[in-house]
Amino acid sequence: METKKKKGSRLGSLISHEGFWLMALSFLLIPQVASSFKVFAYNNAQYESPWFAWCYAIGIDMAILIFTVKGRLVIAFLYLLVMIAHALIGQFLPYQSTYGIFLVHTTLPITIFSFSHLFYYEKKKAKQDKATAIIPQVSTEVAQVTAMLAQDIRLEPQAYLCPQCGLGATNPKKLNGHISGHKATDKWFPEKYGDWEKQNEIRAAALTQIEFKQKINQPKDERNSN
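For clarity, every value in this text was computed on a predicted model and none was experimentally measured.

**What about the packing of aromatic side chains?**
Then, in step 1: Summed over the entire model, instances satisfying the criterion amount to five aromatic pairs.
Then, in step 2: Pairwise contacts between aromatic rings join Phe67, Tyr79 and Phe115 into one cluster.

Encoded structure:
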């Protein structure tokens, strides 16, 4: 019993494997290719070499498999109708049939266009997705700043921070005035301030350096206006 179960599970995994059913479909396409070959050869007597007919037949009949694998089910269904038309025309219509000539000379350019569009579109989409993935996501803070600038709301850099409440100031004079307000209340805790003056100096120096770099990178017209 265990041996039968193992054989059954192996057979089930083999059948469910993608490569197995692609191979089975390829075998089923072989007789269909023969029909398409006959339609092309019978309706294009000007081509003596059979290679033209073989290339046409293989390309046309592989289209339904390619579009199905790519998920283009509507186009795959249309190629199913084309395959049926090839089979019927090859069996029932005479040599140099008007319908056969029309089928061959419309199906060939349509298939070439469909293949070109499919693979070009996929390649272009892959490039766009890759470019989108490279672009860093804009943080919430940057988005807020951008929205404020769009509304002509000016943002002043505040390098001087109050060590007690964290309020920012544009210069030491304003900060000292703010700290004086803390001193006038019972909630002033100077022992918790730490080395706040040095930290403010470091931030101010960094701000000066950033502003200097921005000024250098500005166009000459904007630099002169400032």
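**Brief notes about helix H3 (residues 51–69)**
Then, in step 1: Over its 19 residues, H3 runs 27 Å from end to end, which matches the ideal 27 Å to within 8%, given 1.5 Å per residue.
Then, in step 2: Among the residues of H3, Ala53, Tyr56, Ala57, Ile60, Asp61, Ala63, Ile64, Leu65 and Phe67 are the ones counted as buried.
Then, in step 3: At the C-terminal side of H3, glycine 71 shows a positive phi close to 85 degrees.

**Quick word on the packing of helix H2 (residues 18–43) against helix H4 (residues 73–92)**
Then, in step 1: Two numbers describe how H2 lies on H4: the axes approach to 8 Å, and their chain directions differ by 60 degrees. Accordingly, the angle class assigned to the pair H2 and H4 is oblique. Classified by chirality, the crossing of H4 by H2 is left-handed. Touching Leu29, Gln32, Ser35, Ser36, Lys38 and Val39 of H2 are Met83, His86, Ala87, Ile89 and Gly90, all from H4.
Then, in step 2: Of the residues assigned to the contact of H2 with H4, the class counts are five nonpolar, five polar and one charged.

**So, the packing of H3 against H4**
Then, in step 1: Two numbers describe how H3 lies on H4: the axes approach to 8 Å, and their chain directions differ by 145 degrees. Here the hand of the crossing between H3 and H4 comes out left-handed. Across from Tyr56, Ile60, Asp61, Ala63, Ile64, Phe67 and Thr68 in H3, the residues of H4 making contact are Leu73, Ile75, Ala76, Tyr79, Leu80, Val82, Met83 and His86.
Then, in step 2: The class makeup of the residues in the contact of H3 with H4 is 12 nonpolar, two polar and one charged.

**Thoughts on the environment of phenylalanine 37**
Then, in step 1: Here phenylalanine 37 shows up in helix H2.
Then, in step 2: Residues phenylalanine 37 and tyrosine 56 lie 19 residues apart in sequence; the distance between their C-alpha atoms is 7.1 Å.
Then, in step 3: Not counting the four nearest positions on each side in its chain, phenylalanine 37 is found in contact with Pro50, Ala53, Trp54 and Ala57.

**Some remarks on the confidence of the model for the protein chain**
Then, in step 1: Here the protein chain averages 77 in pLDDT, and 79% of its residues register 70 or above.
Then, in step 2: No element of the protein chain has a lower mean pLDDT than helix H9 (residues 220–225), which averages 54, and none a higher one than H4, which averages 88.

**Considering the nonpolar core**
Then, in step 1: Counting 12 residues, the largest nonpolar core consists of Val33, Phe37, Val39, Phe40, Ala53, Tyr56, Ala57, Ile60, Val82, Ile89, Leu103 and Val104.
Then, in step 2: Where this core is concerned, the elements lending two or more residues are H2, H3, H4 and helix H5 (98–134).
Then, in step 3: Once you skip the residues sitting within four places of it in the chain, valine 82 turns out to touch Ile60 and Thr107.
Then, in step 4: By size, the runner-up hydrophobic cluster in this structure holds 10 residues, among which are Ala63, Phe67, Tyr79 and Leu118.

**Observations concerning empty space enclosed by the protein**
Then, in step 1: Using the criterion set out here, one finds one cavity of 30 Å³ or more in the structure.
Then, in step 2: By volume, the largest cavity is sized at about 40 Å³.
Then, in step 3: Lys38, Val39, Tyr42, Asn43, Ile89, Gly90, Leu93 and Pro94 are the residues that line the largest cavity.
Then, in step 4: Of all the secondary structure elements, the ones that give two or more residues to the lining of the largest cavity are H2 and H4.

**With respect to the environment of threonine 208**
Then, in step 1: Inspection of the secondary structure assignment puts threonine 208 in helix H8 (residues 196–217).
Then, in step 2: Sequence separation of threonine 208 and alanine 159 is 49 residues, and the distance between their C-alpha atoms is 9.7 Å.
Then, in step 3: From its side chain, threonine 208 meets the backbone oxygen of alanine 204 in a polar contact 2.9 Å long.

**Quick word on a nonpolar patch on the surface**
Then, in step 1: On the surface, a cluster of nonpolar side chains totalling about 870 Å² of accessible area is made up of Ile15, Phe20, Trp21, Met23, Leu25, Phe27, Leu28, Ile30 and Val69.
Then, in step 2: The element that contributes the greatest number of residues to the nonpolar patch is H2, accounting for seven residues.
Then, in step 3: Under the relative-accessibility criterion, phenylalanine 27 is labelled exposed at 54%.

Thresholds, definitions, all that
Along each chain, the written sequence defines residue order, and numbers are assigned to residues from 1. It should be noted that, the model being predicted, local features are given only for residues of pLDDT at least 70 and side-chain atom pairs only at 80 or more, the latter also being counted only at that level, while totals for whole chains, interfaces and linings use all residues. To get the side-chain values, all heavy atoms of the structure are used, and hydrogens and water are removed first. For Phe, Tyr and Trp, where Trp contributes only its six-membered ring, two rings pair if their centres lie within 6.5 Å, and the inter-plane angle classes them as stacked under 30 degrees, edge-to-face over 60, or tilted in between. Put simply, DSSP marks the helices as runs of H or I at least four residues long and the strands as runs of E at least two long, and each gets a number from the N terminus on. To estimate the expected span of a helix, subtract one from its residue number and multiply by 1.5 Å. Partly exposed describes any residue whose relative accessible area lies between the buried limit of under 20% and the exposed limit of over 50%, with all areas from a 1.4 Å probe on protein chains only and scaled to the type maximum. Every axis in this analysis is a line fitted to C-alpha atoms, fitted for helices over the stretch in contact. Angles between the N-to-C directions lie between 0 and 180 degrees. For classification purposes, an angle smaller than 35 degrees is called roughly parallel, one larger than 145 roughly antiparallel, one from 65 to 115 roughly perpendicular, and anything else oblique. The hand of a helix crossing depends on one turn: near helix anticlockwise from the far one by less than a right angle means left-handed, and clockwise means right-handed. Residue contacts follow a heavy-atom distance rule, with two residues in contact if any of their heavy atoms lie within 4.5 Å. Charged residues are taken to be Asp, Glu, Lys and Arg, nonpolar residues to be Ala, Val, Leu, Ile, Met, Phe, Trp, Tyr, Cys and Pro, and polar residues to be all remaining types, Gly included. A residue's pLDDT is the predictor's confidence in that residue, given on a scale from 0 to 100. Buried Ala, Val, Leu, Ile, Met, Phe, Trp, Tyr and Cys residues form a nonpolar core when they are joined through side-chain atoms within 4.5 Å. The distinction between a cavity and a pocket rests on a 1 Å grid over the protein atoms alone: a 1.4 Å probe fits inside a cavity but cannot get out, while a pocket stays open yet meets protein on both sides within 12 Å along at least five of seven lines, and a residue with an atom within 4 Å of a point counts as lining. Grid points are joined across faces, edges and corners, and a volume is the space filled by probe spheres set on the points. Polar contacts, as used here, are pairs of N or O atoms within 3.5 Å; protein pairs need one atom able to donate a hydrogen and one able to accept it. Residues neighboring in sequence count only if both atoms are side-chain atoms. Each patch is built from residues lacking any salt bridge and having more than 30% relative accessible area; the joining distance is 9 Å for like charges and 5 Å for nonpolar side chains (Val, Leu, Ile, Met, Phe, Trp, Tyr). Residue-level accessible areas treat just the shown protein chains as cover; the underlying method is Shrake-Rupley with a 1.4 Å probe. By salt bridge we mean one thing: a side-chain nitrogen of Lys or Arg within 4 Å of a carboxyl oxygen of Asp or Glu.

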